[in-house]
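Listed below are the residues making up each chain.
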Amino acid sequence: MILIAGGTGTLGTRIVGRLAVHDRVRVLTRDLRRAALTVGGNVEVVEGDVRDAATLVDAVSGVDTVIAAVHGFAGPGGVTPKSVDRDGNANLITAASRAGATFVLVSIVGAAPDSPMELFREKFAAEQCLRQSELTWTIVRATAYMETWATIMSTKPKTLVFGRGENPINFVSATDVAALIEHVVLAPPVRGDVIELGGPDNLTFNEFAATFQQVRGRLGTIRHIPRPMLRLMANVTRKLNPPFARKARAAILMDTIPMTFDASAARRRFPDVPITDLTTVLKHLA
């Protein structure tokens, strides 16, 4: 039995689809109604929250593998990177330890204790918690998801570009990351490893937007949100709408700090993992 925490999200739904053909899958969700819309009928669903350790006892019962694909970057219910990515993953690691399960943690390329991004710092904290456990583990780090940023940038009838949009960023498809996680779960020799996966190209937000327009037929509708405006939005919404404020702060950093990545090492190691480009992702989302 495989437990997937975050199984109704952008990455999680793709992991569920791949692993359900190999083994019994259980999805941990805070929202049973959402799970009913996104999870297949052959998948078990259990209600719980990684922020509440008591709800994880039944969730890990009889489980051999736990996959942590949760994140607190944005979402309903007052989630934060600290409450979900740090503390929630720590709760899940503890529960998995008691169940004697192996653990796959989905983290992020660039995770570090001194990162300017809160999400990256808390992902690193989760990694350290896992390393210090007695579990058999694998950490999968991924770059920014194409699917997530396509949703954020798409505001009909305009396409949003944050800041100048000239900073190269590596984007990866969640489909590729799910395929890598499938390989990790089914191939025990990669246990106790940190694997970093990125996409085929380093793209600026301007290039991302141009591709978006080309695929969706929205030529001439790019709107830039200047950095001063992003800073103002982040400050004004910090208390009223924390998820929005986090997105605004992340957009500023993604427009300023180095975010390129060379994915060739993992691609050579796992040649069966698909290499999905942005055009393919956008056509699929259309």
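**Q** Please set out the environment of Ile252 residue by residue, giving values where relevant.
**A** Tracing the sequence through the fold places Ile252 in helix H10 (residues 242-254). Judged by its relative accessible area of 12%, Ile252 is buried. When the C-alpha atoms of Ile252 and Ile225 are compared, they prove to be 10.0 Å apart, with 27 residues separating the residues in sequence. In contact with Ile252, not counting residues within four places along its chain, are Arg227, Leu230 and Arg231.

**Q** Before we move on, can you summarise the packing of helix H6 (residues 146-153) against helix H12 (residues 278-285) with the specific residues and values?
**A** Look at H6 against H12: their axes get within 10 Å of each other, and the N-to-C directions meet at 60°. When the axis of H6 is compared with that of H12, the two are oblique. The two elements H6 and H12 meet at a crossing, and its hand is right-handed. The residues of H12 that touch H6, namely those facing Met146, Glu147 and Ala150, are Leu278, Val281, Leu282 and Leu285. Of the residues assigned to the contact of H6 with H12, the class counts are six nonpolar, no polar and one charged.

**Q** An account of the sheet that holds strand S10 (residues 169-172) is needed here, citing residue identities and associated values.
**A** The strands that make up a sheet are held in pairs by hydrogen bonds between backbone atoms, and each pair lies either parallel or antiparallel. Overall, mixed pairing links the three strands, which are arranged S7-S10-S12 in an open sheet. Across the chains shown, the open sheet's two edge strands, defined by having one partner strand only, are strand S7 (144-145) and strand S12 (202-203). Where S10 meets S12, two bridges bridge the pair, whose relative direction is antiparallel. Within S12, the residue paired with Asn170 across the bridge is Asn202.

**Q** Requested: an account of the packing of H6 against helix H8 (residues 205-216), with residues and values cited.
**A** Axis separation between H6 and H8 bottoms out at 11 Å; the angle between their running directions is 80°. Looking at the two axes, H6 sits roughly perpendicular to H8. Across from Met146, Trp149, Ala150 and Met153 in H6, the residues of H8 making contact are Phe205, Phe208, Ala209 and Phe212.

**Q** Mind laying out the side chain of Thr237, listing which residues take part and the relevant values?
**A** Considering the arrangement of structural elements, one finds Thr237 in the loop between helix H9 (227-236) and H10. Of the polar contacts made by the side chain of Thr237, one reaches the backbone oxygen of Met233; its length is 2.6 Å. When sequence neighbours within four positions are dropped, the list of residues in contact with Thr237 reads Pro242, Phe244 and Ala245.

**Q** Describe in detail the packing of aromatic side chains, supporting the description with residues and values.
**A** Each pair of aromatic rings is reported with the distance of its centres and the angle of its planes. In this structure the tally under the stated criterion is five aromatic pairs. Seen from their ring centres, Trp149 and Phe205 are 5.4 Å apart, and the 50° between their planes marks the pair as tilted. Taken together, the positions of Trp149 in helix H6 and Phe205 in helix H8 put the pair 56 residues apart, joining distant regions of the chain. Accessibility assignment for this pair places Trp149 and Phe205 in one class, buried. The interplanar angle of 65° and the centroid separation of 4.9 Å between the aromatic rings of Phe171 and Phe208 together place this pair among those described as edge-to-face. On the criterion of sequence distance, the pair formed by Phe171 in strand S10 and Phe208 in helix H8 is long-range, its members being 37 residues apart. The residues Phe171 and Phe208 share a single accessibility class, namely buried. Members of the aromatic cluster, connected to one another through ring pairs, are Trp149, Phe162, Phe171, Phe205 and Phe208.

How each quantity is defined
Residues numbered from 1 in each chain as written. Predicted model: local features only at pLDDT ≥ 70, side-chain atom pairs only at ≥ 80, totals over all residues. Heavy atoms only, no water. Helix = DSSP H or I, 4+ residues; strand = E, 2+ residues; numbered from the N terminus. Buried < 20%, exposed > 50% of the residue type's maximum accessible area, 1.4 Å probe, protein only. Contact = heavy atoms within 4.5 Å. Axes fitted to C-alpha atoms, helices over the stretch in contact; angles between N-to-C directions. Parallel < 35°, antiparallel > 145°, perpendicular 65-115°, else oblique. Left-handed = near helix turned anticlockwise from the far one by under 90°. Nonpolar A, V, L, I, M, F, W, Y, C, P; charged D, E, K, R; others polar. Pairing = 2+ DSSP bridges. Polar contact = N/O pair within 3.5 Å; in protein donor to acceptor, adjacent residues only side chain to side chain. Phe/Tyr/Trp six-rings, centres within 6.5 Å; stacked < 30°, edge-to-face > 60°.

Spatial relationships are all this shows, so hold off on functional conclusions.
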